[in-house]
Amino acid sequence: MMVSLSAKPTDVPALTSSIERPARDPLLEASYSSITKEELDFVGEQTGIRDEDALREHILQVQAEAFSIHPYPCIRRFAFIKMKLSPRIPAYNGLLKLGREREGAILLDIGCCFGNDVRKAVSDGFPVDNCVATDIHPEFWDFGHKLFGTTQETFPARFFAGDVFDPTHLEPVAAFTSAPATPRPDLPTLTSLNPLRGHVSAIHISAVFHLFSEEEQVQLARSLAGLLSPEPGSIVFGLQSGRAEKGFRVEAGLPSSHGKQMFCHSPESWRELWEGVFPPGTIRVDADVRELERDDLKPVADGAKFWVLTWCITRL
């Protein structure tokens, strides 16, 4: 089933209802200019808001409301609009190919935030009924509906909240070497990720691994390995903070993650991690690290640096 995500212009008033709005902090608007034209165009296409000023007002209002509940840096920086799933990352075309050619292929987006990446994949052809999204905060999905002007009926991807380190949500099992004995689950009935073990064709997870310690990252990788289908071409992919050499992020001006030092992998250590959680010879690991310009870091400290690790694990 394919669903058009574009709301009609007459639907716009529903996006900015008469509920009491939180006061806007001018500092929240500081990073608005970092949103690319491509990203703004995507939100405009999905909502039907074509006027630039009206679109800006709509985005800023949703941001302010979300930030008043969860004052995270990612909300301040408009990460809920930034496109992590796009043709610019090598795995994206493979994802869309799976959606076109593999019957019942499931896309799982972990740490989905407002769901902008799932929406991008659906807009480019991945069947919305085969999409599952999860995040630790259920409010994020609600903000996604508010941002993009949809409802669960008009955008029926399956969402449920949960902690990936909670075994009732995701209990680790060994990576599958043959098809699972359990049948593919009925996605609308899912309340945890556990029934998906061995059935997921593509797992997208960006800006999540670096939130955890080195040991926790290994645990998370094992959990994801158990979700992935053993069918050749199945993928786990994403992007996150990285370094040329693995270790804690100590570059000048960069804050720690949730009060902790951020542990970042290099392409080499990332490859070693995943080769340790899958049986030998069953995967290919592609990983690349590059420096990324971050205008929001310039006021923090001169010379502050930021690297992005882009990666994909493919079942052979």
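Here's a quick rundown of the structure. (Residues numbered from 1 in each chain as written. Predicted model: local features only at pLDDT ≥ 70, side-chain atom pairs only at ≥ 80, totals over all residues. Heavy atoms only, no water.)

Ordered in space as β3-β2-β1-β4-β5-β9-β8, the seven strands form an open sheet in which the pairing is mixed. Of all the strands in the sheet, just β3 (158-161) and β8 (283-291) have a single pairing partner and so form its edges. Shown here is a sheet whose adjacent strand axes are inclined to one another by a mean of 15°, direction ignored. Two elements, strand β2 (residues 131-135) and β3, share four bridges in a ladder whose sense is parallel. Its bridge partner being in β3, alanine 133 is matched across the sheet by phenylalanine 159. (Pairing = 2+ DSSP bridges. Helix = DSSP H or I, 4+ residues; strand = E, 2+ residues; numbered from the N terminus. Axes fitted to C-alpha atoms, helices over the stretch in contact; angles between N-to-C directions.)

This part is about the environment of leucine 220. Within the secondary structure, leucine 220 sits in helix α7 (residues 214-227). Since its relative accessible area comes to 0%, leucine 220 is described here as buried. For the pair leucine 220 and phenylalanine 165, spaced 55 residues apart in sequence, the C-alpha separation works out to 7.4 Å. If near-sequence neighbours (up to four positions away) are discounted, leucine 220 is found in contact with Val164, Phe165, Ile205, Val208, Phe209 and Phe212. (Buried < 20%, exposed > 50% of the residue type's maximum accessible area, 1.4 Å probe, protein only. Contact = heavy atoms within 4.5 Å.)

As a further point, take the packing of helix α2 (residues 52-69) against helix α6 (residues 138-148). Here α2 crosses α6 at 165°, and the two axes come no closer than 10 Å. Regarding the angle of α2 to α6, the classification is roughly antiparallel. Crossing handedness for the pair α2 and α6: right-handed. Contacts from His58, Ile59, Val62, Glu65, Ala66 and Ile69 in α2 reach Phe143, Lys146 and Leu147 in α6. By residue class, the composition of the contact of α2 with α6 is six nonpolar, one polar and two charged. (Parallel < 35°, antiparallel > 145°, perpendicular 65-115°, else oblique. Left-handed = near helix turned anticlockwise from the far one by under 90°. Nonpolar A, V, L, I, M, F, W, Y, C, P; charged D, E, K, R; others polar.)

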